[in-house]
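Listed here are the chains, written in short residue letters.
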Amino acid sequence: MRTTAEMPGPDGGRFLGNLTDFSADPLGFLTHCADEYGDVVRISPENVLLASPEDAVRMLVDRGSDFVKQGPGTRSAGRRQSLPLSTMSSDGEEWKVRRRRIHGAFGRELSAAAAAAMREQADRMLAPWRPGQVRDLQQDVSVVTLRLVTRLMFGEEYTDEEISDVAGLVAPIMDLSTSPVVLPEWVPTPPKLKIRRHLKRVIRTLERVASSPKSADPEAAPILYALLHDTPAPSEAEIRDELATLLMAGFETTNDAVVWASVLLARHPDAAERVHSEAEKAFAGDADGMTLLNCLPFTDAVVREALRLYSPVWITSRDARVDVELAGYLIPAGTTVTVSQWVNHRDPRYWRDANSFLPERWLGKETSEIPRGSYFPFGLGPRTCVGAALSTVESVLLLATIWSAYRLRLKDPDAVYPRPALALQPMNARFILECW
């Protein structure tokens, strides 16, 4: 059995290894590693990249119990989550308990409620828009998604001030995640101080909604109700971490998906015309809610293709809990093993014109032949994002509403670029509003 030391991979510098190259251009570095060295790449003595869909499935599904979200090495390196008691940050039996606690709340009923509310929220966003304006779509969409997420979670919308607090919490977390320098938790860097300040305000709001009368209504606030009425009852700290994590993840994923889809439509006028025509026809009928989604197949395909090219989750890592055999190598316990949506979603072995925007590929049989592990924007296996269906519903309806009303033209097409933080954020995505 070959060892990780025998794996092909870039040598890197003498002291920092490949950290400098990865920090300078994470997406380019991972793509280069897969192109140059193949499906199994040693990035460092403690880090391995798996680039084949089969190995992604083996790691996240077939051998999932052999890996943990955060091993001792991960925690000691200072990469501990800011909200450690959430489902997203837990492992083992704790993860199973927390996942079961919230899983039932993310059913078809929640997606239907989101579909029913999204048109109202989107129309509210569009009300101040006028032709000729330059809009920061990232900012506009974040307000819509936060209002919707808080209504679905708590049975009531956040105020503008409370929405600002959540946005203020997400921004420094994203900044901190892109830093090439990992410092101990106790070092009071400016991003960490900003996170703590905004987190305190977010927690106060979470405490307010948790004590509201609507928290006792499973129809008005299904997620909050599921947390508050579980047996055994979670602690206040668990409820706080869970709600804060769901709040940030719920708005960031949808936000990035809609903005990236809009960037792609602005660059492909024919596809934009098709979305506009489809949405106009769909909204002119009597269909609403989930039924409306069936009238938007091309818009749905656009969202799927945007998630392929610019998946908000662009990298997924696990720590080996035990020695694991993968792809003919013995990977020792404690090794961080990584798969990358950015790499797999653009692999030319499995995707026709892999780097091209082709939403029509999702309307026929083409994608049915793509192997599992080539497309996983919401993850794979038991840890697949619990809100995947909800996010898709929100993204499709919001995108259709925006493009039914306006044609969006990028103010500076060359300035838009992906920022690989905790999510793959579209930077400088400013649009000029035009009439159809």
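So, a few notes on the structure that sits alongside this text. Quick caveat, the model's predicted, so the values are computed rather than measured.

**Side note on the overall build of the protein chain**
Scanning the protein chain for helices and strands turns up 16 helices and 13 strands. Every one of the 436 residues in the protein chain was classed for burial, and the buried ones make up 53%. Restricting to contacts in the protein chain with at least 6 residues of sequence separation, those with at least 24 account for 73%. About 19,500 Å² of surface is accessible on the protein chain, with carbon and sulfur atoms providing 53% of the total.

**As for the environment of Met 427**
For Met 427, the position within the fold is in strand β12 (residues 424-427). Take Met 427: its relative accessible area is 23%, and that puts it in the partly exposed class. The spatial distance from the C-alpha of Met 427 to the C-alpha of Tyr 417 is 5.4 Å, given a sequence separation of ten residues. With residues up to four places along the chain from it excluded, the contact list for Met 427 reads Ala 415, Val 416, Tyr 417 and Arg 419.

**As for helix α12 (residues 269-284)**
Here α12 is 16 residues long and its end C-alpha atoms lie 22 Å apart, about the 22 Å a rise of 1.5 Å per residue gives. All of the buried residues along α12 are Ala 271, Ala 272, Val 275, His 276, Glu 278, Ala 279, Ala 282 and Phe 283. Looking at the buried positions of α12, the neighbouring elements they touch are α6 (108-126), α11 (236-267), α13 (289-293), α14 (297-309) and α16 (388-405).

**What to know about the sheet that holds strand β9 (residues 336-339)**
Read from one edge of the open sheet, five strands run β2-β3-β9-β6-β4, paired in mixed fashion. Lying at the two open borders of the sheet, with one neighbouring strand each, are β2 (40-44) and β4 (67-68). Two elements, strand β6 (residues 316-320) and β9, share four bridges in a ladder whose sense is antiparallel. Bridge pairing in β9 places Ser 317 opposite Thr 338. In this fold helix α2 (residues 26-37) packs onto β2 and β3 (47-50), with an angle of close to 130 degrees to the strand it touches most, β2.

**Considerations on the sheet that holds strand β8 (residues 329-331)**
Ordered in space as β1-β8-β7, the three strands form an open sheet in which the pairing is mixed. At either margin of the open sheet sits one strand with a lone partner, and together these are β1 (2-3) and β7 (324-326). Examined bridge by bridge, β1 and β8 share two bridges and lie parallel to one another. The residue bridging Arg 2 from the neighbouring strand is Tyr 329, located in β8.

**Concerning the pairing of β2**
Within β2, five of the five residues are buried, which leaves it mostly tucked inside the rest of the structure. In this structure, β2 lies alongside β3, joined through four bridges in antiparallel fashion. Within β3, the position partnered with Val 40 by the bridge is Leu 50.

**Overview of the packing of helix α5 (residues 92-103) against α11**
Remark: α5 packs on α11, axes separated minimally by 13 Å, with the N-to-C direction vectors making an angle of 65 degrees. Considering the relative orientation of α5 and α11, their crossing is right-handed. Contact with α5, carried on its side by Arg 98, Arg 101 and Ile 102, involves Glu 238, Glu 242 and Leu 246 of α11 and no other residues of that element. A breakdown of the residues in the contact of α5 with α11 according to their chemical character gives two nonpolar, no polar and four charged.

**A word on the packing of aromatic side chains**
On inspection of all chains with the given rule, the structure shows eight aromatic pairs. Ring geometry for Trp 129 and Tyr 406: centres 5.9 Å apart, planes at 50 degrees, overall tilted. Of this pair, Trp 129 sits in the loop between α6 and β5 (134-136) while Tyr 406 is found in the loop between α16 and β10 (407-410), placing the two residues 277 residues apart along the sequence. The exposure class of Tyr 406 is buried, given its relative accessible area of 10%. By way of ring pairs, the aromatic residues Trp 260, Tyr 310 and Trp 342 are connected into one cluster. Above the ring of Tyr 310, the side-chain terminus of Arg 346 is found at 5.2 Å from the ring centroid.

**Describing the packing of helix α7 (residues 137-154) against α11**
Between α7 and α11, the shortest axis-to-axis distance is 9 Å and the interhelical angle comes to 140 degrees. Judged by the inter-axis angle, α7 sits oblique to α11. Viewed along their axes, α7 and α11 form a crossing whose handedness is right-handed. On α11, the residues that touch Leu 137, Gln 138, Val 141, Ser 142, Thr 145, Leu 146, Val 149, Thr 150, Met 153 and Phe 154 of α7 are Leu 243, Leu 246, Leu 247, Gly 250, Phe 251, Glu 252, Thr 254, Asn 255, Asp 256, Val 258, Val 259 and Ser 262. Of the residues that constitute the contact of α7 with α11, the class distribution is twelve nonpolar, eight polar and two charged.

**Some thoughts on the nonpolar core**
With 97 residues, the main nonpolar core has Leu 265, Leu 398 and Ile 402 as its most contacted residues. Per-element tally for this core: the top contributor is α11, with 13 residues. Other than its neighbours up to four places away in sequence, Leu 398 contacts Met 118, Ala 122, Met 125, Val 141, Val 144, Thr 145 and Val 258. Grouped together as the second largest cluster of nonpolar side chains are 18 residues, Leu 50, Phe 67, Val 324 and Val 339 included.

**Topic: the pairing of β6**
Note on strand geometry: in a regular strand, side chains alternate between the two faces of the sheet. Burial analysis of β6 places four of its five residues in the buried class, which makes it a mostly covered element. Bridge count between β4 and β6: two bridges; the pairing is antiparallel. When the bridges of β6 are listed, Val 68 appears paired with Asp 319.

Rules behind the numbers
Residues numbered from 1 in each chain as written. Predicted model: local features only at pLDDT ≥ 70, side-chain atom pairs only at ≥ 80, totals over all residues. Heavy atoms only, no water. Helix = DSSP H or I, 4+ residues; strand = E, 2+ residues; numbered from the N terminus. Buried < 20%, exposed > 50% of the residue type's maximum accessible area, 1.4 Å probe, protein only. Contact = heavy atoms within 4.5 Å. Areas by Shrake-Rupley, 256 points an atom, 1.4 Å probe, with all protein chains shown as cover. Expected span 1.5 Å × (residues − 1). Pairing = 2+ DSSP bridges. Axes fitted to C-alpha atoms, helices over the stretch in contact; angles between N-to-C directions. Left-handed = near helix turned anticlockwise from the far one by under 90°. Nonpolar A, V, L, I, M, F, W, Y, C, P; charged D, E, K, R; others polar. Phe/Tyr/Trp six-rings, centres within 6.5 Å; stacked < 30°, edge-to-face > 60°. Lys NZ or Arg CZ within 6 Å of the ring centre and 35° of its normal. Parallel < 35°, antiparallel > 145°, perpendicular 65-115°, else oblique. Core = buried A, V, L, I, M, F, W, Y, C linked by side-chain atoms within 4.5 Å.

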